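Results of the structural survey
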Amino acid sequence: MAKKSMIAREKKRTHMTDKYSERRNQLKQRVVDDNLTMEERWQAMIDLQRLPRDSSAARGRNRCSVSGRPRGYFRKFGLSRNMLREVCMKGEAPGVVKASW
């Protein structure tokens, strides 16, 4: 089980990403717009840098929805390898069957 503080930090980051995503996209478009003057583009870069760091989607980390574990994460299920194994053994994962040969 991951620390509660790390899980809370990740939730905060996803909230910040959602909150500032529209503003970040507008500023990024202004930075690459060739029709604007260099000063306007420069100001857009400065404004983009002034946004909170946690508002960047790249700072997010995929975590298991059950245990909060950050490593061994399977996107398809939203679970870490340990929790995925337990869920599959119970037969609760759709479309997953145990291999036998």
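As a reminder, the structure under discussion sits directly above these lines.
Remember, predicted model here, so these are calculated numbers, not experimental data.

Analysis parameters
- Residues numbered from 1 in each chain as written.
- Predicted model: local features only at pLDDT ≥ 70, side-chain atom pairs only at ≥ 80, totals over all residues.
- Heavy atoms only, no water.
- Axes fitted to C-alpha atoms, helices over the stretch in contact; angles between N-to-C directions.
- Helix = DSSP H or I, 4+ residues; strand = E, 2+ residues; numbered from the N terminus.
- Parallel < 35°, antiparallel > 145°, perpendicular 65-115°, else oblique.
- Left-handed = near helix turned anticlockwise from the far one by under 90°.
- Contact = heavy atoms within 4.5 Å.
- Nonpolar A, V, L, I, M, F, W, Y, C, P; charged D, E, K, R; others polar.
- Buried < 20%, exposed > 50% of the residue type's maximum accessible area, 1.4 Å probe, protein only.
- Lys, Arg positive; Asp, Glu negative; His and termini not counted.
- Salt bridge = Lys/Arg side-chain N within 4 Å of Asp/Glu carboxyl O.

1. Some details on the packing of helix 1 (residues 4–32) against helix 2 (residues 38–50)
Two elements in contact, helix 1 and helix 2, have axes whose closest approach is 8 Å; the angle formed by their N-to-C orientations is 150°. Looking at the two axes, helix 1 sits roughly antiparallel to helix 2. Between helix 1 and helix 2 the crossing geometry is left-handed. Judged by residue contacts, Arg-23, Arg-24, Leu-27, Lys-28, Arg-30, Val-31 and Val-32 of helix 1 engage Glu-40, Arg-41, Ala-44, Met-45, Asp-47 and Leu-48 from helix 2. Class assignment for the residues of the contact of helix 1 with helix 2 results in six nonpolar, no polar and seven charged.

2. Thoughts on the environment of Lys-76
Looking at the secondary structure, you find Lys-76 in the loop between strand 1 (73–74) and strand 2 (79–80). Residue Lys-76 is classed as exposed on the basis of its relative accessible area, which comes to 76%. Between the C-alpha atom of Lys-76 and that of Asn-62, which follows or precedes it by 14 residues, the distance is 12 Å.

3. Digging into the side chain of Arg-24
For Arg-24, the location among the structural elements is in helix 1. No salt bridge forms around the buried Arg-24; measuring N to O, its nearest opposite-charge neighbour Asp-54 is 9.5 Å away. Those residues in contact with Arg-24, other than ones at most four positions away along the chain, are Leu-48, Leu-51, Pro-52, Ser-55 and Ser-56.

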